[in-house]
Each structure stands twice: as C-alpha cells, then as structure tokens.
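Working through the structure, step by step
Residues per chain are reported as follows:
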Amino acid sequence: AQKVTQAQTEISVVEKEDVTLDCVYETRDTTYYLFWYKQPPSGELVFLIRRNSFDEQNEISGRYSWNFQKSTSSFNFTITASQVVDSAVYFCALSEDKAAGNKLTFGGGTRVLVKP
Amino acid sequence: SQTIHQWPATLVQPVGSPLSLECTVEGTSNPNLYWYRQAAGRGLQLLFYSVGIGQISSEVPQNLSASRPQDRQFILSSKKLLLSDSGFYLCAWSADTGRTEAFFGQGTRLTVV
C-alpha cells in the first residue's frame, strides 16, 4: 500500500531564511503522481504542485522549488527567503496510477512558522 | 472557471444528533468527488470518494455515509453523531480524466458536544 511520510512535524524559522520540507513516499506502482498542498490558518488546502513519476526535472516557481529524487523516493520542497505569509501547514501527497478515482494519500503535514 | 462550495463553515452538534454537510462544484462536469477528515492534529484521511452519480466508495468503516444525488453535489451524513466525529471536514474534486490534482473546499469545522 502507498504511504507518505513527512518526518518534520514543525519547523520554525526567522523571516528570510530558507526552509526545506522533506517528503518520502512508498508505492508499488511504477507510475504515480506527487503533490504539495499548503494549508494556511483559514483551513483550506491550496494546491501548489503536481509531479509525475516519469518526470524527474526539478521545478522552481518564484520562491518555491521542488526536488524530486526517484532513487530515494523523495519529493522535497524548499521555500527560499521565507516570509511570514508562508506560515502554514504543508502536505505532501501521492496518487497511484492504478488507484481508482485519483485518490490522494497524504503525509502527516509539516507546520512551518516564519517569525518576523 | 471551476469553484467548489462547502457549507456550513462551522457546526456544533450534540451527541446523537444527525449531520448533513453539503458540497457542490461548479464549472465542470462528471468530477471525481471526495470527503476528507482532518482530526485533531494535521493528518488528512480520505473518508469517501465518488466517480459518478450514485457511486460511492468508502475508505474506512465509520459512523458516516455519503451520497451523490446529482453530478456535482456530494453530501456527507450521519444519523447519530459521536464525539469522535469531531474534526475538520474537507470536500474536494478532481477531473475525471488523467491524474490531476484535487481542489478543496473551505472546510467545515464540526464539534460534537
């Protein structure tokens, strides 16, 4: 069965520091999809990125970057020059190609606190 | 563009009372629909998903049920709430083709007292 592990439960940084969130996954499928979501204090989950298992290119979007390493089953997320607005809980998630209905398996989340 | 509406935003219900949470999606057809629960702490657990009208799959045994009476409407229900049903309930949708991301509603915070 698939599993997503986010070992860091909480990270506290000072504004402008970089912060990296770890995500390790387990799956038996050869084709799968990885996601990151942000949950601000309001509670709604905001989609950040999707990655397909056959595309290992890293991606950068503004201050956000993602490092997908299939060899270590990891999909890490880095926020560069963090800002107070980045304070939220971040979830990594996995969807297997063979799973019906695009179901997502979530990690436990990492709470990021950015202090001014 | 697609939007998802979920209500109510907060709910306080006594133990043993019924529950009905509603979710509707606009701007798309035949979406996959999901109900997730986030209990105290942060983990998200998939409760139900639906790939079409009247098609409901349950992921975990529990005191809740789901229904999809219309293509873009998903309802979460209970006949008698338990204290353990308290939590943050999130509805989500995804496209029915390909492996696309899910988009979430704003959630319902349910407190059973």
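Residues numbered from 1 in each chain as written. Chains lettered and ligands numbered in written order. Predicted model: local features only at pLDDT ≥ 70, side-chain atom pairs only at ≥ 80, totals over all residues. Heavy atoms only, no water.

1. Points about the overall build of chain A
- In terms of regular secondary structure, chain A is built from zero helices and 12 strands.
- For chain A, the succession of helices and strands along the chain, N to C, is β-β-β-β-β-β-β-β-β-β-β-β.
- Whereas a compact globule of 116 residues would reach a radius of gyration of roughly 13 Å, chain A reaches 14 Å, a difference of no more than 12%.
- Structurally, chain A occupies a C-alpha span of about 45 × 30 × 20 Å along its principal axes.
- Among the 116 residues that make up chain A, the fraction classed as buried is 47%. (Helix = DSSP H or I, 4+ residues; strand = E, 2+ residues; numbered from the N terminus. Rg over C-alpha atoms; globule rule 2.2 N^0.38 Å. Buried < 20%, exposed > 50% of the residue type's maximum accessible area, 1.4 Å probe, protein only.)

2. Things to note about the overall build of chain B
- From N to C terminus, chain B includes zero helices and 11 strands.
- Listing every helix and strand of chain B by position from the N terminus yields β-β-β-β-β-β-β-β-β-β-β.
- Expected size for 113 residues packed as a compact globule is a radius of gyration near 13 Å; at 13 Å, chain B falls within 12% of this value.
- In terms of overall dimensions, chain B has a C-alpha envelope of 40 × 25 × 20 Å along the principal axes.
- The 113 residues of chain B split such that 49% are buried.
- Within chain B, contacts between residues separated by at least 24 positions form 53% of all contacts whose residues are at least 6 apart in sequence. (Contact = heavy atoms within 4.5 Å.)

3. Points about the pairing of strand 11 (residues 108–112) of chain B
Residue and element names in this part refer to chain B.
- Residues Thr108, Leu110 and Val112 of strand 11 are buried on one face, while the alternating residues Arg109 and Thr111, pointing to the opposite face, are not.
- With four bridges joining them, strand 2 (residues 10–13) and strand 11 adopt parallel strand pairing. Note that in strand 11 the partner of Val12 across the bridge is Thr111.
- Relative to strand 11, strand 9 (residues 87–94) is paired through three bridges, and the arrangement is antiparallel. Across the sheet, residue Gly87 finds its bridge partner in strand 11, namely Leu110. (Pairing = 2+ DSSP bridges.)

4. So, the nonpolar core
- One finds Leu21(A), Leu34(A), Trp36(A), Trp66(A), Phe75(A), Phe77(A) and Tyr90(A) to be the most contacted residues of the largest nonpolar core, which totals 23 residues.
- If you list the elements that add at least two residues to this core, you get strand 2 (10–14), strand 3 (19–21), strand 5 (32–39), strand 8 (64–69), strand 9 (74–79), strand 10 (88–96) and strand 12 (110–115) of chain A.
- Judged by nonpolar contacts, the second largest core, of 21 residues, contains Val25(B), Leu76(B), Leu81(B) and Trp93(B). (Core = buried A, V, L, I, M, F, W, Y, C linked by side-chain atoms within 4.5 Å.)

5. Notes on the interface of chain B and chain A
- Each partner contributes to the interface: chain B provides 24 residues, whereas chain A provides 27 residues.
- When the two sides are added together, the surface that chain B and chain A hide from each other amounts to roughly 2,000 Å², 51% of it contributed by carbon and sulfur.
- Seen at the junction of chain B and chain A, the total is two salt bridges.
- Per-class residue counts for the side of chain B that touches chain A are 12 nonpolar, eight polar and four charged. (Buried area = accessible area lost by both parts, 1.4 Å probe. Salt bridge = Lys/Arg side-chain N within 4 Å of Asp/Glu carboxyl O. Nonpolar A, V, L, I, M, F, W, Y, C, P; charged D, E, K, R; others polar.)

6. Comments concerning the environment of Thr110(A)
Residues and elements named next belong to chain A.
- Its place among the elements puts Thr110 in strand 12.
- Note on Thr110: relative accessible area 0%, which makes it buried.
- A polar side-chain atom of Thr110 sits 2.6 Å from the main-chain carbonyl oxygen of Gln8. (Polar contact = N/O pair within 3.5 Å; in protein donor to acceptor, adjacent residues only side chain to side chain.)

Bear in mind that shape data such as this cannot, by itself, settle questions of function.
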